[in-house]
Amino acid sequence: MTRPSPIRASFESKLLPVQPSRIGLDGVFEGYASLFRIPDLGKDIVEPGAFRESLQRRGPGGVKMLWQHDPAEPIGRWSSLSEDSRGLFVRGRLSLAVARAREIYALMLDGAIDGLSIGFRHEKARTEPRTGLRRLERIDLWEVSVVTFPMLPQARIAAVKATRPSAFI
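It should be emphasised that the depicted structure is a prediction, and the values quoted were computed from it without experimental measurement.

Novice: Please explain the packing of aromatic side chains as it appears in this structure.
Specialist: In this description, an aromatic ring pair is defined by two values, namely the gap between the centres and the angle between the planes. Counted under the stated rule, the structure contains three aromatic pairs. Centre to centre, the rings of Tyr-32 and Phe-89 are 5.1 Å apart; their planes meet at 70°, and the pair counts as edge-to-face. Of this pair, Tyr-32 sits in strand β2 (residues 28-35) while Phe-89 sits in strand β6 (residues 87-94), placing them 57 residues apart in sequence. Each member of the pair, Tyr-32 as well as Phe-89, carries the same accessibility label: buried. Considering the side-chain rings of Phe-36 and Phe-51, the 6.5 Å spacing of their centres and the 35° angle between planes classify their relative orientation as tilted. Of this pair, Phe-36 sits in the loop between β2 and β3 (44-46) while Phe-51 sits in the loop between β3 and α1 (52-58), placing them 15 residues apart in sequence. You can call Phe-36 buried: its relative accessible area is 7%. For Phe-51, a relative accessible area of 0% translates into the label buried. The aromatic ring of Tyr-32 is capped on one face by Arg-86, whose charged end is 4.6 Å from the ring centroid.

Calculation notes
- Residues numbered from 1 in each chain as written.
- Predicted model: local features only at pLDDT ≥ 70, side-chain atom pairs only at ≥ 80, totals over all residues.
- Heavy atoms only, no water.
- Phe/Tyr/Trp six-rings, centres within 6.5 Å; stacked < 30°, edge-to-face > 60°.
- Helix = DSSP H or I, 4+ residues; strand = E, 2+ residues; numbered from the N terminus.
- Buried < 20%, exposed > 50% of the residue type's maximum accessible area, 1.4 Å probe, protein only.
- Lys NZ or Arg CZ within 6 Å of the ring centre and 35° of its normal.

In structure tokens, the structure reads:
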């Protein structure tokens with residue numbers, strides 16, 4: 001008797017750069033995980049409103065914070081995710097009780113890690129035949145990762161907040 005193979009969902013990720021302007025000693029940071037109407041290096045364009053339904057369904061607790069899209073490497077929690085006129089703005093906290101999160105925090109402090117990336121499944125998209133650009137109109141957002149190599153150079157972390165001394169580093 002053969003077992004059926006597991007169903008594999010089509011899962012995608014988009015990498016965005018982040019640039020820390022203030023590093024928080026409590027692991028809190030915020031920035032844009034995606035920007036609207038700007039083609040990324042993979043020829044995708046996220047349209048305004050693309051995250052709306054997913055954010056309503058999942059809320060911040062339903063979107064994971066990972067290191068390099070690795071589901072075995074959760075590094076913290078998102079406290080808020082919202083669309084504004086520019087893109088998907090995220091705010092979260094690295095869990096500094098986790099060794100990997102402390103390492104990432106140290107790398108953020110040094111400016112060595114500066115990327116954000118969305119992990120998603122597209123629900124509605126259209127490709128422009130002339131340009132080959134894919135317009136993502138509705139996205140099911142699964143996770144936002146801190147990454148080494150970003151996809152969209154224009155996106156940046158706006159702030160990393162400080163409230164206590166760096167006892168973990």
